[in-house]
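Take a look at the letters that make up each chain.
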Amino acid sequence: MAVLPPTNEAFLREVDEELRRDQALKLWQRYGRLGIGLVLGGLAVFAAYLGWQEWRRGEADAQAVKYNALYDKLRVSGGAGTEQELSALVKDGTTGYRANALFLQAGVALQKNDLAKAAQLFGQVATDTSLPEPLRNLALIRQTSAEYDSLKPDQVISRLKPLTAKDSPWIGSAGELVAAAYLKLGRQREAGQLFAAIAEDKNTPASLRQRTVQMAGALGVDAIDQSNVAGNGATEGNQGKAQ
């Protein structure tokens, strides 16, 4: 009977490694080029993204220079000869500069007493949902102010009342328009209360607070003039220090 040779572990390991190398080579031949293509494709996309970012930064810088020059020109000329430049910035500008250009166009229209055009331009900003909400709210107030005489009081109230809530940053400018609309409807109590709310808001300009205190008082509503309160407080504090 023949005797089988003993098992050589080193030989088996060598055979196993050869089989693995052979399998790896086959996998590389089948998928290696595809993998390289995917890596190179990814690198190309990333490079294109970086290039696009750099281009956007360059465009933004160029538009900033153009906008500042245009703004200076408007201050000097009052809008004369800037129509084409403003229109180009509205058409080709980035989101922020497009909105600013629309505001400038509307300002030029107001200087020419073209209220309808100004309202239309402010309206473009107010309805552009790609813009920040504060910018849209400001445009809505300016639009309403421009076309106030052509709107029904109910339209003014429904449009701006959400901006007249307590502690709203727009309570002064929007609130005065809404209160005036209440007066047109004969709703004096509501007008007085809104005038009082404006007067009591610490962030409202002093001149507007003083005016709304008087309006609220004329309508039978007591209001606190925060500008006077601040002044009295400072006076009392100074008196206390003097003592």
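The rules we used
Residues numbered from 1 in each chain as written. Predicted model: local features only at pLDDT ≥ 70, side-chain atom pairs only at ≥ 80, totals over all residues. Heavy atoms only, no water. Helix = DSSP H or I, 4+ residues; strand = E, 2+ residues; numbered from the N terminus. Buried < 20%, exposed > 50% of the residue type's maximum accessible area, 1.4 Å probe, protein only. Contact = heavy atoms within 4.5 Å. Axes fitted to C-alpha atoms, helices over the stretch in contact; angles between N-to-C directions. Left-handed = near helix turned anticlockwise from the far one by under 90°. Salt bridge = Lys/Arg side-chain N within 4 Å of Asp/Glu carboxyl O. Expected span 1.5 Å × (residues − 1). pLDDT = per-residue confidence, 0-100. Core = buried A, V, L, I, M, F, W, Y, C linked by side-chain atoms within 4.5 Å.

Regarding the overall build of the protein chain
Tallying secondary structure elements over the protein chain gives ten helices and zero strands in all. Counting from the amino terminus, the protein chain carries its helices and strands in the arrangement α-α-α-α-α-α-α-α-α-α. In the protein chain, buried positions account for 31% of the 243 residues. In the protein chain, once contacts between residues fewer than 6 apart in sequence are set aside, the share between residues at least 24 apart is 44%.

Re the packing of helix H5 (residues 133-146) against helix H7 (residues 171-184)
Running from amino to carboxyl end, H5 crosses H7 at an angle of 30 degrees, the nearest separation of the two axes being 10 Å. Of the two elements, H5 crosses H7, and the hand of that crossing is left-handed. For the pair formed by H5 and H7, the contact residues are Ile-141, Thr-144 and Ser-145 on the first element and Ser-173, Ala-174 and Leu-177 on the second.

Focus on the pattern of salt bridges
Inspection of the entire model under this criterion finds four salt bridges. Salt-bridge contacts for Arg-159 lead to Glu-147; the nearest nitrogen and oxygen are separated by 2.7 Å. Separated by twelve residues along the polypeptide, Arg-159 in helix H6 (residues 153-160) and Glu-147 in the loop between H5 and H6 bring together distant segments of the chain. By relative accessible area, which is 23% here, Arg-159 ends up partly exposed. Judged by relative accessible area, which is 18%, Glu-147 ranks as buried.

Here's the deal with helix H8 (residues 188-199)
Residues spaced three or four apart along an α-helix face the same direction, because each turn holds 3.6 residues. Helix length check: H8 (twelve residues) gives 16 Å between terminal C-alpha atoms against 16 Å at 1.5 Å per residue, within 8%. Those residues of H8 that sit buried are Ala-191, Gly-192, Leu-194, Phe-195, Ala-196, Ile-198 and Ala-199.

Focus: helix H4 (residues 115-126)
End to end, H4 covers 16 Å across twelve residues, agreeing with the expected 16 Å (1.5 Å per residue, within 8%). Listing the buried residues of H4 in full gives Ala-118, Ala-119, Leu-121, Phe-122, Gly-123, Val-125 and Ala-126. In this structure, the buried side of H4 is in contact with helix H3 (95-111) and H5.

Side note on the side chain of Gln-143
Note on placement: Gln-143 falls in helix H5. Setting aside anything within four residues of it in sequence, one finds Gln-143 in contact with Ala-119, Phe-122, Gly-123, Ala-126 and Arg-159.

What about unusual backbone geometry?
Backbone geometry places Asn-113, a non-glycine residue, at a positive phi of 60 degrees. Relative to the assigned elements, Asn-113 resides in the loop between H3 and H4. Of note in the backbone geometry, Asp-167 takes a positive phi value of approximately 70 degrees without being a glycine. On the basis of relative accessibility, which here comes to 61%, the residue Asp-167 falls in the exposed class.

Quick word on the confidence of the model for the protein chain
When pLDDT is averaged across the protein chain, the result is 75; 58% of the residues are at 70 or more. The lowest-confidence element of the protein chain is helix H10 (residues 226-242), averaging 46 in pLDDT; the highest-confidence one is H6, averaging 96. Throughout residues 229-243 the model reports pLDDT below 50, and contacts reaching past four residues in sequence, or to other chains, amount to one contact.

Let's talk about the nonpolar core
In this structure, Ile-141, Val-156 and Leu-160 are the most contacted members of the largest nonpolar core, which totals 42 residues. Those elements giving two or more residues to this core turn out to be helix H2 (83-92), H3, H4, H5, H6, H7 and H8. Counting residues per element, this core draws most heavily on H3, which supplies nine residues. Among all residues touching Ile-141, those that are not within four sequence positions of it are Leu-160, Leu-163, Trp-170, Ser-173, Ala-174 and Leu-177.

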